[in-house]
Amino acid sequence: MLESSDIQFACNDARVRNAAIVDLIHQGDRHALALLQFYIAVASAAISAAAAIFLTAAPIPKVFAWVPVGIAVPLIGGAYCCFASMWTADIHLPGRSADFWQWAMRPDIDTKKVYEAYLDRLLEGQATNTALNKRMAKWLDYAKRCGVLALFCGLLSLLVAVVARL
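Quick caveat, the model's predicted, so the values are computed rather than measured.

Draft legend 1. Up close: the packing of aromatic side chains. Enumeration according to the criterion identifies 9 aromatic pairs in this entry. Residues Phe54 and Trp66 carry aromatic rings whose centres are separated by 5.7 Å and whose planes lie at 85° to one another, so their mutual orientation is edge-to-face. Residue Phe54 is located in helix α1 (residues 4-55), and its partner Trp66 is located in helix α2 (residues 66-85); the two are separated by 12 residues in the primary sequence. Given the relative accessible area of 49%, Trp66 is considered partly exposed. Each residue in the set Phe100, Trp101, Trp103 and Tyr118 is aromatic and connected to the rest through ring pairs, giving one cluster. Above the plane of the ring of Tyr118 lies Arg96, whose end atom (NZ or CZ) is 4.6 Å from the centre.

Listed below in structure tokens is the structure:
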């Protein structure tokens, strides 16, 4: 059987781990927001460039308007993935609410029960946070892949435009 100090160490260790997962979720949100802003800015510029080529009497052949479109489309998909990564979700914050501690202070509740209840709730919270972190990471990975895809689509569009021009 664990001593009280051992249980305190275990609770603190589990709490710190939960706090680290929450921080990881926060960092993922910040990364997704920065990527979203970048993708929207570049996609907007690319769409404007395509519109300028299509709609003006510029000496640039109209077929080259597809190059910025080829870049913009994957970036728009990437922006969606960033948005999906940041979608509102339940998160388990470190610490306990006041009602837990009021329950824990009751004279009929012994210390072992408090530790067990604390760790049980923390286990549920860590499962929630871990699942959220995995979901966010998956969408952020898709967003990054869209950024790489934009480069290849732009190059492919350029190649097609050059061949069509010949």
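Picking up where we left off.
Draft legend 2. The arrangement of the side chain of Ser157 in detail. Mapped onto the elements, Ser157 comes out in helix α4 (residues 111-165). Once residues lying within four places of it in the same chain are set aside, the contact partners of Ser157 are Trp66, Val67 and Gly70.

Draft legend 3. Main features of the packing of α2 against α4. The interhelical angle for the contact between α2 and α4, taken along N-to-C directions, is 175°, at an axis separation of 7 Å. The angle between α2 and α4 falls in the class roughly antiparallel. Counted by class, the contact of α2 with α4 contains 20 nonpolar, 7 polar and 1 charged residues.

Draft legend 4. The arrangement of the environment of Gly77 in detail. Within the secondary structure, Gly77 is located in helix α2. Classification of Gly77 by relative accessible area gives partly exposed; the value is 27%. Along the primary structure Gly77 and Ala117 are separated by 40 residues, whereas in three dimensions their C-alpha atoms are 44 Å apart.

Draft legend 5. How the structure looks around the nonpolar core. In terms of nonpolar packing, the biggest core is built from 15 residues, with Leu35, Tyr39, Leu75, Cys82 and Ala143 touching the most fellow members. Listing elements by their share of this core, those giving two or more residues are α1, α2 and α4. With 6 residues, the single largest contributor to this core is α1. Aside from chain neighbours lying at most four places away, what touches Ala143 is Leu35, Tyr39, Gly78, Cys81 and Cys82. In this structure, Ile109, Val114, Tyr118 and Leu122 belong to the second largest nonpolar core, which totals 10 residues.

Draft legend 6. Looking closely at the packing of α1 against α4. Across the interface, α1 lies against α4 with an axial gap of 9 Å and an inter-helix angle of 25°. Here α1 lies roughly parallel to α4, going by the angle between them. The handedness of the crossing between α1 and α4 is left-handed. Partitioning the contact of α1 with α4 into residue classes produces 20 nonpolar, 11 polar and 4 charged.

Draft legend 7. Molecular detail of the confidence of the model for the chain. With 99% of its residues at a pLDDT of at least 70, the chain reaches an overall mean of 91. Mean pLDDT in the chain bottoms out at helix α3 (residues 98-104), which sits at 89, and peaks at α2, which reaches 97.

So, how was this worked out
Residues numbered from 1 in each chain as written. Predicted model: local features only at pLDDT ≥ 70, side-chain atom pairs only at ≥ 80, totals over all residues. Heavy atoms only, no water. Phe/Tyr/Trp six-rings, centres within 6.5 Å; stacked < 30°, edge-to-face > 60°. Helix = DSSP H or I, 4+ residues; strand = E, 2+ residues; numbered from the N terminus. Buried < 20%, exposed > 50% of the residue type's maximum accessible area, 1.4 Å probe, protein only. Lys NZ or Arg CZ within 6 Å of the ring centre and 35° of its normal. Contact = heavy atoms within 4.5 Å. Axes fitted to C-alpha atoms, helices over the stretch in contact; angles between N-to-C directions. Parallel < 35°, antiparallel > 145°, perpendicular 65-115°, else oblique. Nonpolar A, V, L, I, M, F, W, Y, C, P; charged D, E, K, R; others polar. Core = buried A, V, L, I, M, F, W, Y, C linked by side-chain atoms within 4.5 Å. Left-handed = near helix turned anticlockwise from the far one by under 90°. pLDDT = per-residue confidence, 0-100.

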